[in-house]
2 protein chains.
Amino acid sequence: MSTSRGARQLTIKEVASHAGVSPMTVSRTLAGGRNVRPDLQERVMAAVQELGYYRNENARSLRPGQPSGLVGVAITNLANPYYGNFALGVEEVAAEHGRRIMLGNSGEDDARERQLVSDFIGRQVDGLILVPTSGEAEHLRPERLGDVPLVLASRRVPGLEVDTVLLDDVGGAYRGTVSLLDAGHTRIGFLGNRSSVFTGERRYRGYEQAMAERGLVVDPLIVARAQQDVAAASRAARAMLDLEDAPTAIFSANNRNTIGALREIGRRIREGLPGPAVVSFDDFELSELMPVPVTIIDHDARLLGREAATLLFSRLDGSAEGAPRTVELPVTIEHP
Amino acid sequence: MSTSRGARQLTIKEVASHAGVSPMTVSRTLAGGRNVRPDLQERVMAAVQELGYYRNENARSLRPGQPSGLVGVAITNLANPYYGNFALGVEEVAAEHGRRIMLGNSGEDDARERQLVSDFIGRQVDGLILVPTSGEAEHLRPERLGDVPLVLASRRVPGLEVDTVLLDDVGGAYRGTVSLLDAGHTRIGFLGNRSSVFTGERRYRGYEQAMAERGLVVDPLIVARAQQDVAAASRAARAMLDLEDAPTAIFSANNRNTIGALREIGRRIREGLPGPAVVSFDDFELSELMPVPVTIIDHDARLLGREAATLLFSRLDGSAEGAPRTVELPVTIEHP
DNA sequence: CTGTTAGCGCATTCAA
DNA sequence: TTGAATGCGCTAACAG
C-alpha cells in the first residue's frame, strides 16, 4: 500500500529516507538530475511515485530571486465571452512557458482591482496582465509594483507607461461608421461605454470622426454611453429607437451593447416595426443569422491574450528590455 | 521618497525597523492587531504604506496546516462561453471567501488535466474544482490527492465518490426531445459529445429514452457523437441534412454543437433549403432571433460554478463533513 | 502587550 | 557525485 493520508504533508525528507538517500539528492533529482547517479535517480523517482509526493512550489519559490511561476490576470468581466477568450489566450501562452495563471474578475470596480493586484503581488506573481478599470491607477504605478512587470490589455491607463496590447479602436470604429455612411445612413446612433473607459473613448472618437468628415453633427439624443451590461444596452437602444426621429442605423461599440441592441431590435421586428442596420465592434456567434444586416468589426480576443502574455514573458525571459512597447492589433471589417 | 525598487523583496523586518518595533509586532498587526497597542499599530501601518510592503503569502502558508487561500480550477474549454460563466461563478464565491483561483484549461486532454492537478497541489491549493475530462482518473483518487478536497462539476468520474454538482442532463434531454415529438417530428437527429463524456452519455440517454417511449428506433445515420468544436459540428450537421432521408429536427446536446448546427442551417436557408427545428441543451445569446425555432434546455453555468465553490468551502470551513454529496441542478425548457 | 526562539520545505552554498 | 549546514519570510509557542 502507499496511502499518504495524514495531516502532515509529505516532504523531500520522507522521500529521501524512503529512497535511502539524502534530501539533497531528492532535490537534485527533481530539479532535473544533473550530477546524480542514474540508479539513485531511479530510486528517488520510485519513492516519489510510491508515496505520491508533490514538491512544494511555495517553499521552493520562497528563496529570493526564484520565480513563482505564477502570473496574475485581472479582467473586467468574465461573463463576456470576449474576455473568456482573452483569458484562454493568456492561459495558453502561460502554459507553454510552464506558468500558471491566477485569475480575478474586477467587474469594472477599482477597489476590487486594487485588492486583486495586492493579493497577486503578495502571492509572488512573476508578472501581471490586466484589463484595467478606468479609475485611479495609483496602485499600478511602478513604485507600488516594485519589479513586477505589468502588461495592460485592451486599455491604456493615463500616465502609465508600460507594455500594452491594444486594438485599432479608432480606425475600426471609423471604418465601421464609414460603411454605414456609404450605405446612405446619416442618422446613426451610438451605443458604448462611458468615456472614462479607454476603449469607449477611442471608439467614440472613430465614430465621431467619420461623421464629421461627412459634415454630420452627432446628435446627443442618439448617443448612449453608460451601459455596461446587456439589459442596460437594450433599454438604451429602445429609448433611441422610440424617438420621433429614430436612427436608421446603430453603431455599437462593444459586444454587450450589440447583444442588447439586437435583442431590442428583434423584439421590434417581431412587432412589425422596422429594424435599423447595425455595426458592431466585437464579433459574436451567429451574427450572420440576425434579422437585420450586422457588420462586424472583428478581432481576435484570444490573440489579444496571447500577445499580452508574449509581451510579458519577453520581459521575464530577459529577451526584451528597455522602453515600454505598444502593440496595436488590427481589426477587420466583415460585411454581412 | 518611498521607492521600493531593488531586486531584494521587502520583508517584515524592514517594516519593523522602519516602524521601530519587532517583526512580531508587524506580523500581529497585519494579522488583525489583536494584543497590539493602537499607537504601535498605526506606526506599523504607516510604515507599510510608506514602504509599499506586501506580505508574502507563500511564506505565510509554508507552515503546515496554514491554508494557502488558493483554489485550483480546471475546466475543459474556456473558449466556450458556458465555461467562462462557470469560472465566473467559482471566482465570485471564492472571492467572497477571501480565496483566489488558479485557472487551467485542460482542453479535454487527460494528460493536461493531470499536469494541472499536480501543479495545483504543488502550489498548496486548499481545494480543487474540476470539470473532469473523461479519461483515466488515476490522478484524482483520494490516495493521490491526500487531504485536498475535490469537487467535480458538470460531470462525474466513474468510481470516484466525491462532492459533485451536476445538471439534470437526462431529464432535460428527455423533455427537450419530447417537445419535438409532440410537435410531430419523428425523425430527429442527435448531435453531441462522444459517449465517454459523462454529459454526452447522459444527454443521449434522455434523447433515446424519449424516442423509445414513442416506439421510435434511433437511426445511427443521424446520430453524430464526436464533435468537440463548432466547425466539426457544422460538418456533422451538414452530412446529416444532406441525406436523402434527412431529419426534420435536430437535438443538440451542447452549446458548441448548437452553434455549429445553426451555422449550417443558416447557410441552407440562405440557399433556399429547408431548415430543421432545433432543440439545444445549453442556452446561447440571441437564440430568439434564429431563422428556425430553437427550443432551449436552459441552465445557469454561473450558478453551477457558485454551487461547486459553495460545496468546496463548506468542506474547507468544516461546516460539512461525511459522505460525498451530489447536487443536481434543474434545467428549464424554453420554447421559442 | 512585546520580543526572542525556532522551524515550516526547499535549494544554494560549501565541504567531503 | 553526495551530503551538511544555512537561510529564504513568516508566525506559533514561549519568555519577559
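Everything quoted here is computed from the prediction, not taken from an experiment. (Residues numbered from 1 in each chain as written. Chains lettered and ligands numbered in written order. Predicted model: local features only at pLDDT ≥ 70, side-chain atom pairs only at ≥ 80, totals over all residues. Heavy atoms only, no water.)

Trainee: Explanation requested: the overall build of chain A in the structure shown.
Mentor: In terms of regular secondary structure, chain A is built from 12 helices and 12 strands. Computed over its C-alpha atoms, the radius of gyration of chain A comes to 26 Å, more than 25% above the 20 Å expected for a compact globule of 336 residues. Structurally, chain A occupies a C-alpha span of about 85 × 45 × 30 Å along its principal axes. Looking at chain A as a whole, 56% of its 336 residues are labelled buried. Sequence-distant contacts, at least 24 apart, represent 66% of the contacts inside chain A between residues at least 6 apart. Carbon and sulfur atoms make up 50% of the accessible area of chain A, which amounts to about 14200 Å² in all. Across chain A, the mean location of the 38 positive side-chain charges is 7 Å away from that of the 44 negative side-chain charges. (Helix = DSSP H or I, 4+ residues; strand = E, 2+ residues; numbered from the N terminus. Rg over C-alpha atoms; globule rule 2.2 N^0.38 Å. Buried < 20%, exposed > 50% of the residue type's maximum accessible area, 1.4 Å probe, protein only. Contact = heavy atoms within 4.5 Å. Areas by Shrake-Rupley, 256 points an atom, 1.4 Å probe, with all protein chains shown as cover. Lys, Arg positive; Asp, Glu negative; His and termini not counted. Charge placed at Lys NZ, Arg CZ, Asp CG, Glu CD.)

Trainee: Explain the packing of aromatic side chains here, please?
Mentor: How two aromatic rings sit relative to each other is set out by the distance from centre to centre and by the angle between their planes. Residue and element names in this part refer to chain A. Under the definition given, this model contains 12 aromatic pairs over all chains. The interplanar angle of 10° and the centroid separation of 5.6 Å between the aromatic rings of Phe-190 and Phe-251 together place this pair among those described as stacked. Note that Phe-190 is positioned in strand E6 (residues 188-191) and Phe-251 in strand E8 (residues 249-252), a separation of 61 residues in sequence. On the basis of relative accessibility, which here comes to 0%, the residue Phe-251 falls in the buried class. For the pair Tyr-204 and Tyr-207, a centre-to-centre distance of 5.7 Å together with 45° between the ring planes defines the contact as tilted. A residue pair is termed a helical-turn pair when its members lie 3 or 4 positions apart in one helix, as Tyr-204 and Tyr-207 do in helix H9 (residues 198-213) at three residues. Judged by its relative accessible area of 11%, Tyr-204 falls in the buried class. The exposure class of Tyr-207 is buried, given its relative accessible area of 0%. Among the aromatic residues, ring-to-ring pairing joins Phe-190, Tyr-204, Tyr-207 and Phe-251 into one connected group. (Phe/Tyr/Trp six-rings, centres within 6.5 Å; stacked < 30°, edge-to-face > 60°.)

Trainee: Sorry, what's going on with the sheet that holds strand E12 (residues 332-334) of chain A here?
Mentor: Hydrogen bonding along the main chain pairs the strands of a sheet, whether they run parallel or antiparallel. Residues and elements named next belong to chain A. Ordered by their spatial adjacency, six strands build an open sheet running E7-E6-E8-E9-E10-E12, and the pairing between neighbours is mixed. Because the sheet does not close on itself, it has two edges, and the strands there are strand E7 (223-224) and E12. Two strands pair when backbone bridges link them, and strand E10 (residues 294-298) and E12 are joined in this way by three bridges, in the antiparallel orientation. The residue of E12 that forms the bridge with Ile-297 is Ile-333. Against the sheet, helix H8 (residues 169-182) contacts E6, E8, strand E9 (277-281), E10 and E12, and its axis sits at roughly 170° relative to E9. Across the face of the sheet, H9 comes into contact with E6, E7, E8 and E9 while running at roughly 170° to E6. (Pairing = 2+ DSSP bridges. Axes fitted to C-alpha atoms, helices over the stretch in contact; angles between N-to-C directions.)

Trainee: Would you mind showing me how to read the interface of chain A and chain B here?
Mentor: Contacts between the two partners involve 62 residues from chain A, matched on the other side by 62 residues from chain B. Carbon and sulfur atoms make up 53% of the area that chain A and chain B hide from each other, which totals about 5500 Å². The largest share of the area that chain A buries against chain B comes from Tyr-54, Arg-100 and Arg-123 of chain A, three residues that together contribute 14% of it. Residue Glu-91 of chain A pairs with Arg-112 of chain B through a salt bridge whose shortest N-O separation is 3.1 Å. Linking chain A to chain B there are 21 residue pairs in polar contact (both at pLDDT 80 or more). Elements with a minimum of two residues in the side of chain A that touches chain B: helix H4 (57-60), helix H5 (81-96), strand E2 (100-105), helix H6 (110-122), helix H7 (142-145) and helix H11 (255-270) of chain A. Its residues assigned to classes, the side of chain A that touches chain B comprises 26 nonpolar, 20 polar and 16 charged. (Buried area = accessible area lost by both parts, 1.4 Å probe. Salt bridge = Lys/Arg side-chain N within 4 Å of Asp/Glu carboxyl O. Polar contact = N/O pair within 3.5 Å; in protein donor to acceptor, adjacent residues only side chain to side chain. Nonpolar A, V, L, I, M, F, W, Y, C, P; charged D, E, K, R; others polar.)

Trainee: Can you walk me through the relation of the copies chain A and chain B in this structure?
Mentor: Look at the two chain copies: a rotation about an axis and a shift along it is all it takes to match them. Between chain A and chain B, which share one sequence, the superposing operator has a rotation angle of 180° and an axial displacement of 0.0 Å; the RMSD is 0.1 Å. Here the two chains are linked by the operation of a two-fold rotation axis. Every residue of chain A has its C-alpha some distance from the rotation axis, and the shortest such distance is that of Met-102 of chain A, at 2.2 Å. Same-surface contact between copies: 100% of interface residues of chain A are shared with the interface of chain B. (Least-squares fit on C-alpha atoms with pLDDT ≥ 70 in both.)

Trainee: When you look at the protein's contact with DNA strand D in this model, what are you seeing that I'm missing?
Mentor: Around DNA strand D, the structure places 22 residues, and the nearest of them are Thr-25, Arg-28 and Arg-63 of chain A together with Ile-12 and Tyr-53 of chain B. Considering the 4 Å shell around the protein, atoms of DNA strand D inside it are sugar or phosphate in 63% of instances. The contact in question runs from a phosphate oxygen of DNA strand D to an N or O atom on the backbone of Ile-12 of chain B, over 2.5 Å. The side chain of Tyr-53 of chain B places a nitrogen or oxygen atom 2.3 Å from a phosphate oxygen of DNA strand D. Those elements that provide at least two residues to the surface near DNA strand D are helix H2 (23-30) of chain A together with helix H2 (23-30) and helix H4 (57-60) of chain B. When residues of the surface near DNA strand D are assigned to their parent elements, the largest contribution, three residues, is made by H2 of chain A. Among the residues making up the surface near DNA strand D, the classes are represented as 10 nonpolar, six polar and six charged. (Near = heavy atom within 4 Å.)

Trainee: Can you help me understand the pattern of salt bridges in this one?
Mentor: Using the criterion set out here, one finds 56 salt bridges over all chains in the structure. We note a salt bridge from Arg-187 of chain A to Asp-245 of chain A, for which the minimum N-O separation is 3.3 Å. In this pair, Arg-187 of chain A is assigned in the loop between H8 and E6 and Asp-245 of chain A in the loop between helix H10 (230-241) and E8, connecting sequence segments 58 residues apart. The exposure class of Asp-245 of chain A is partly exposed, given its relative accessible area of 45%. Residues Arg-202 of chain B and Glu-328 of chain B are paired through a salt bridge, measuring 3.5 Å at the closest nitrogen-oxygen approach. In this pair, Arg-202 of chain B is assigned in helix H9 (residues 198-213) and Glu-328 of chain B in strand E11 (residues 326-329), connecting sequence segments 126 residues apart. Using a relative accessible area of 11% as the deciding quantity, one classes Arg-202 of chain B as buried. In this structure Glu-328 of chain B comes out as partly exposed when scored by relative accessible area, which is 42%. The network of salt bridges with common partners includes Asp-242, Glu-264, Arg-267, Arg-268 and Glu-271 of chain A.

Trainee: Please explain the domain arrangement of chain A as it appears in this structure.
Mentor: The figure often quoted for interface size is the accessible area lost as the parts come together. Each assigned domain of chain A is listed here: domain 1 (1-53), domain 2 (63-161 + 302-330) and domain 3 (169-298). Distance from the C-alpha centre of domain 1 of chain A to the C-alpha centre of domain 3 of chain A: 62 Å. (Domains from an automatic or database assignment.)

Trainee: Please explain the packing of H8 of chain A against H9 of chain A as it appears in this structure.
Mentor: When two helices pack together, their arrangement is given by the angle between the helix axes and the distance between those axes. Residues and elements named next belong to chain A. For the pair H8 and H9, interaxial distance at closest approach is 7 Å and the crossing angle is 40°. Judged on the interaxial angle alone, H9 and H8 are oblique. Judged by the twist between their axes, the crossing of H8 over H9 is right-handed. Mapping the contact onto sequence places Asp-169, Val-170, Ala-173, Tyr-174, Thr-177, Val-178 and Leu-181 in H8 and Thr-199, Arg-202, Arg-203, Arg-205, Gly-206, Tyr-207, Gln-209, Ala-210, Met-211 and Glu-213 in H9. Each residue belonging to the contact of H8 with H9 can be placed in one class, and the counts come to eight nonpolar, four polar and five charged. (Parallel < 35°, antiparallel > 145°, perpendicular 65-115°, else oblique. Left-handed = near helix turned anticlockwise from the far one by under 90°.)

Trainee: Please clarify how the protein's contact with DNA strand C should be interpreted in this entry.
Mentor: Within the structure, DNA strand C sits among 24 residues, and Tyr-53 and Arg-60 of chain A together with Arg-28, Arg-37 and Arg-63 of chain B are positioned closest to it. Per the 4 Å cut-off to the protein, sugar and phosphate atoms form 60% of the nearby atoms of DNA strand C. Ala-59 of chain A is positioned with one of its backbone polar atoms (N or O) 3.5 Å from a base nitrogen of DNA strand C. Here a phosphate oxygen of DNA strand C and a side-chain polar atom of Arg-60 of chain A are 2.4 Å apart. Going through the elements one at a time, H2 and H4 of chain A together with H2 of chain B are the ones with two or more residues in the surface near DNA strand C. Element by element, the count of residues in the surface near DNA strand C is highest for H2 of chain B, at three residues. Tallied by class, residues from the surface near DNA strand C come to 10 nonpolar, eight polar and six charged.

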